[in-house]
Amino acid sequence: MKGEDQHAKVILHLRDAFHGAKQTMTLSRPVVDNQGHVITTPHTLHVAIPKGIIEGQRIRLEGQGLPGTGGSTAGDLYLEIAFQEDNLFHAEKRDIHMTLPITPWEAALGASVTVPTLAGNVTLKIAQGSQGGKKLRLKGKGLSTERQKGDQIVTLRVVVPEAVTDEQKKLYATMAEIMPANPRQKLGV
Amino acid sequence: MGDIQYLQGTVLNEEMQCSLAEICRFCGVTAERIHEMVEEGVISPHGVSPREWNFTTIEIRRVQTTVRLQNDLQVNLPGCALVLDLIEELEELRFLNRRHT
């Protein structure tokens, strides 16, 4: 009788999913000992994780499941991919999302800023007059395979510096005078 | 010490599609059992006739879970369809919850 399939979860770092990785894992496998008792023994496997794998996908390893009986073939092993939490990035299917803090003057005047990606740092151009919440796409910086491409989606978050000194407070007051604005206009107040 | 040999598996990805014979081999079930699952709405392959049926990785997973539910817990097919729908809904909600926390 063919051996049963085995299922296991593999927790990967996003970088390993992006680049591909080699993993060594140990699974518990039930076997029958000389006295006929079922005991679990560790079974170590070395598995190549292909580049661009995404959360929820499974890798089928033929013949790596539980052994068959009476000379039959072993079952298959299915590894389900899950991702570790990451401080900077989170994946949605093939796209990698991150929030990029920028200053008000970078948003207002435009700037070129360095952005981390899973492929390393890149320079991103922020257009003049950008607002918080704006999304910018870095093509091909997501979880890509040869046939399926993922992007990195960068969401801008404008960080307002705290006015601590008198000079800094004065600068904000000057801005209020020179650049009167009502961001609550649409609220009707 | 020799070089470590790393196993190369098959990724069951969104592009992968398989025939009736292939899903039977992957899941260790008979074609008749697949027919029953289609009739009960456990899986919905693309294609009109069994010869044209195409199964995605979602169907492979649903069939494998159904086999386990039937063998281990003796759940009938309508029960399996319900359990599978609830598992998928739970996974979706967990994913959304993680995104917003």
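Residues numbered from 1 in each chain as written. Chains lettered and ligands numbered in written order. Predicted model: local features only at pLDDT ≥ 70, side-chain atom pairs only at ≥ 80, totals over all residues. Heavy atoms only, no water.

Engineer: Please give an account of the overall build of chain A that cites residues and values.
Structural biologist: A count of helices and strands for chain A gives three helices and eleven strands. Overall, chain A shows an N-to-C arrangement of helices and strands of β-α-β-β-β-β-β-β-α-β-β-β-β-α. Taking 16 Å as the expected radius of gyration for a compact globule of 189 residues, we find that chain A reaches 26 Å, considerably beyond that expectation. Counting only C-alpha atoms, chain A reaches 90 × 35 × 35 Å along its principal axes. (Helix = DSSP H or I, 4+ residues; strand = E, 2+ residues; numbered from the N terminus. Rg over C-alpha atoms; globule rule 2.2 N^0.38 Å.)

Engineer: Which residues make up the overall build of chain B, and what are the values?
Structural biologist: Across its full length, chain B holds four helices and two strands. Counted from the first residue to the last, chain B has its helices and strands arranged as β-β-α-α-α-α. Since a compact globule built from 101 residues should have a radius of gyration of about 13 Å, the 16 Å found for chain B marks it as more spread out than a globular shape. In terms of overall dimensions, chain B has a C-alpha envelope of 55 × 40 × 30 Å along the principal axes. Buried positions account for 33% of the 101 residues belonging to chain B. Residue pairs in contact within chain B that sit at least 24 positions apart in sequence constitute 53% of those at least 6 positions apart. Accessible area of chain B: about 6,600 Å², with a carbon and sulfur share of 51%. Taken together, the 9 basic and 16 acidic charged side chains of chain B have centroids lying 5 Å from each other. (Buried < 20%, exposed > 50% of the residue type's maximum accessible area, 1.4 Å probe, protein only. Contact = heavy atoms within 4.5 Å. Areas by Shrake-Rupley, 256 points an atom, 1.4 Å probe, with all protein chains shown as cover. Lys, Arg positive; Asp, Glu negative; His and termini not counted. Charge placed at Lys NZ, Arg CZ, Asp CG, Glu CD.)

Engineer: Help me get a handle on the sheet that holds strand 1 (residues 6–12) of chain A, residues and values and all.
Structural biologist: With mixed pairing, four strands are arranged side by side in an open sheet as 1(A)-5(A)-4(A)-2(B). On the outer flanks of this sheet lie strand 1 of chain A together with strand 2 (10–12) of chain B, each paired with one strand and no other. With strand direction ignored, the average angle separating the axes of adjacent strands in the sheet is 30°. Sheet analysis places strand 4 (residues 58–61) of chain A next to strand 2 of chain B, joined by three bridges and oriented antiparallel. Following the sheet pairing, I59(A) is matched in strand 2 of chain B by V11(B). Contacts from helix 3 (residues 57–73) of chain B reach strand 1, strand 4 and strand 5 (77–83) of chain A together with strand 2 of chain B within the one sheet, and its direction differs from that of strand 4 of chain A by about 65°. (Pairing = 2+ DSSP bridges. Axes fitted to C-alpha atoms, helices over the stretch in contact; angles between N-to-C directions.)

Engineer: Give me the lowdown on the domain arrangement of chain A, citing residues and values where you can.
Structural biologist: All names here are of chain A. For chain A, the domain assignment lists domain 1 (6–83) and domain 2 (90–180). Facing eleven residues of domain 1, the contacting portion of domain 2 comprises twelve residues. Here domain 1 and domain 2 share an interface that buries about 900 Å² over both sides, 67% of which is from carbon and sulfur atoms. Counting across the domain 1 and domain 2 interface gives zero salt bridges. Across the contact surface, domain 1 and domain 2 share three residue pairs in polar contact (both at pLDDT 80 or more). Ranked by residue count, the leading element in the side of domain 1 that touches domain 2 is helix 1 (residues 14–19), at five residues. Looking at the side of domain 1 that touches domain 2 residue by residue, the classes come out as six nonpolar, three polar and two charged. (Domains from an automatic or database assignment. Buried area = accessible area lost by both parts, 1.4 Å probe. Salt bridge = Lys/Arg side-chain N within 4 Å of Asp/Glu carboxyl O. Polar contact = N/O pair within 3.5 Å; in protein donor to acceptor, adjacent residues only side chain to side chain. Nonpolar A, V, L, I, M, F, W, Y, C, P; charged D, E, K, R; others polar.)

Engineer: Describe the interface of chain B and chain A, and please don't skip the residues or the numbers.
Structural biologist: Taken together, the contact between chain B and chain A spans 22 residues of the former and 32 residues of the latter. Regarding the contact of chain B and chain A, the summed buried area is about 2,200 Å², with carbon and sulfur atoms giving 48% of it. Inspection of the region where chain B meets chain A yields two salt bridges. With a closest N to O distance of 3.7 Å, R25(B) and E62(A) form a salt bridge.

Engineer: Account for the side chain of R60(A), with residues named and values stated.
Structural biologist: Residues and elements named next belong to chain A. Mapped onto the fold, R60 is located in strand 4. Look at R60 and you get buried, because its relative accessible area is 5%. A distance of 3.3 Å separates polar atoms of two side chains, one belonging to R60 and the other to Y78.

Engineer: Describe the nonpolar core, naming the residues involved and giving the relevant values.
Structural biologist: Within the largest apolar cluster, 39 residues are counted, with the highest numbers of intra-cluster contacts made by L79(A), L100(A), V115(A) and L143(A). Of the residues that make up this core, three or more belong to each of domain 1 (6–83) and domain 2 (90–180) of chain A. With 22 residues, the next largest nonpolar core counts L12(B), C27(B), W53(B) and F55(B) among its residues. (Core = buried A, V, L, I, M, F, W, Y, C linked by side-chain atoms within 4.5 Å.)

Engineer: Which residues make up the pairing of strand 7 (residues 95–102) of chain A, and what values go with them?
Structural biologist: Two strands pair when backbone bridges link them, and strand 6 (residues 90–92) of chain A and strand 7 of chain A are joined in this way by three bridges, in the antiparallel orientation. Counterpart to H90(A) in the pairing with strand 7 of chain A is H97(A).

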